[in-house]
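The lines below spell out each chain.
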Amino acid sequence: MKHILIKIFFIVNISFISLYADVQLIKKQNSDSNTTLLVIGGIHGDEPGGYFSASILATHYNINSKNVWIVPNLNQDSIQKNARGIHGDMNRKFSIIEDKDKDKEVIKDIKKIILQNNVSLVLNLHDGNGFYRKTDKGSIFNANAWGQTCVIDQCDLNKSQPFGDLSKIALNVKERINKKLIKEHHTFDVKNTNTKFDDEAMQLSLTYFAVTNNKPAFAIESSKNLPTLSQKVFYHLLAIEEFMNIMNISFSRKFDLTEENIDALLKN
């Protein structure tokens, strides 16, 4: 099943679905630029906000300039079981992985995709616990939470390269999202894990693999404590759109971005 190519024609652009050994890559491309946003959903199978958002991006958005590539369901086996990782945590296998590991082919393929020359920026979509706050305000709102964050591994790469100032971009996205909240306490913030020096576990992650290969990369975490899946998807799509705006990627969607419309899409 490797490298089967299927062409699907949309009104304004062409999408290619490339099937690697175990990874589905959807390419929404235009001929005006090599600038490419890569969006990855479903690295954890029990975080549906991420993989449903990537699927809606693939099916209900047109990309009118530049390029968006989408991996909607990276960890397909775990998604089907609604498990974080039936073969272990896939997001802790990007530094070293054993030959016998059942995730090995998936990891190999997604690494190849990330390292392609025209991939300009990587987004990895997650649902995280609680609501991140820089100071502790209870069991749900605290500095150990991951929900409602734009996560970076370090402040910058080479600032002269496009999208190399990770901190500035993350702060910009945070400010834009916080103008469009459903509830006031849903505020986003930037979480810098300072991975190289402070977080050995994150040194094994997809985003750290990307940045150590000079690819700007961010994780977006909606909160698992949001009451509905549609709210999780709303914030993911909002974040993706703000990254597209920063990258000057022109897009259109087939629906108004509201919680109610997302709920209808999910039900259908």
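Cut-offs applied
Residues numbered from 1 in each chain as written. Predicted model: local features only at pLDDT ≥ 70, side-chain atom pairs only at ≥ 80, totals over all residues. Heavy atoms only, no water. Helix = DSSP H or I, 4+ residues; strand = E, 2+ residues; numbered from the N terminus. Buried < 20%, exposed > 50% of the residue type's maximum accessible area, 1.4 Å probe, protein only. Contact = heavy atoms within 4.5 Å. Pairing = 2+ DSSP bridges. Right-handed = clockwise from strand over helix to strand, strands pointing away. Axes fitted to C-alpha atoms, helices over the stretch in contact; angles between N-to-C directions. Parallel < 35°, antiparallel > 145°, perpendicular 65-115°, else oblique. Left-handed = near helix turned anticlockwise from the far one by under 90°. Nonpolar A, V, L, I, M, F, W, Y, C, P; charged D, E, K, R; others polar. Salt bridge = Lys/Arg side-chain N within 4 Å of Asp/Glu carboxyl O.

Caption draft 1: Up close: the side chain of Asn-91. Position of Asn-91 relative to the elements: it lies in the loop between α2 (76-81) and α3 (104-114). Asn-91 gets classed as buried once you look at its relative accessible area, which sits at 5%. Apart from the residues within four sequence positions on either side, Asn-91 is in contact with Ile-43, His-44, Asn-124, His-126, Leu-204, Ser-205 and Leu-206.

Caption draft 2: Representation of the pairing of strand β11 (residues 189-192). Here strand β10 (residues 149-152) runs beside β11; their pairing, made up of 4 bridges, is parallel. Looking at the pairing, Ile-152 lines up with Asn-192 of β11. Read from β10 through helix α4 (residues 166-177) to β11, the crossover connection turns out right-handed.

Caption draft 3: Looking closely at α3. If you check which residues of α3 are buried, you get Val-106, Ile-107, Asp-109, Ile-110, Lys-111, Ile-113 and Ile-114. As for α3, its buried residues are in contact with β3 (24-29), β4 (36-40), β6 (67-71), β7 (119-128) and α6 (206-212).

Caption draft 4: Broad picture of the environment of Ile-107. As for its placement among the helices and strands, Ile-107 is situated in helix α3. On the basis of relative accessibility, which here comes to 1%, the residue Ile-107 falls in the buried class. Separated by 99 residues in sequence, Ile-107 and Leu-206 place their C-alpha atoms 9.1 Å apart. Once you skip the residues sitting within four places of it in the chain, Ile-107 turns out to touch Met-90, Lys-93, Phe-94 and Ile-97.

Caption draft 5: Molecular detail of the packing of α4 against helix α7 (residues 229-246). In the contact formed by α4 and α7, the axes pass within 10 Å of each other and the chain directions differ by 125 degrees. On the basis of the axis angle, α4 is oblique to α7. When the axes of α4 and α7 are compared, the crossing they make is right-handed. Between α4 and α7, the contacting residues are Ile-169, Asn-172, Val-173, Arg-176 and Ile-177 on the first element and Tyr-235, Leu-238, Ala-239, Glu-242, Phe-243, Asn-245 and Ile-246 on the second. Tallied by class, the residues present in the contact of α4 with α7 amount to 8 nonpolar, 2 polar and 2 charged.

Caption draft 6: Up close: the pattern of salt bridges. Under the counting rule described, the total for this entry stands at 14 salt bridges. A salt bridge links Lys-100 to Glu-98; its shortest N-O distance comes to 3.9 Å. Lys-180 is the partner of Glu-242 in a salt bridge, and the nearest nitrogen-oxygen pair spans 3.0 Å. Residue Glu-242 is found in helix α7, and its partner Lys-180 is found in the loop between α4 and β11; the two are separated by 62 residues along the sequence. Assessed through its relative accessible area of 4%, Glu-242 is described here as buried. In this structure Lys-180 comes out as partly exposed when scored by relative accessible area, which is 42%. Each of Glu-47, Arg-84, Asp-89 and Lys-224 takes part in salt bridges that share partners, so that together they form one network.

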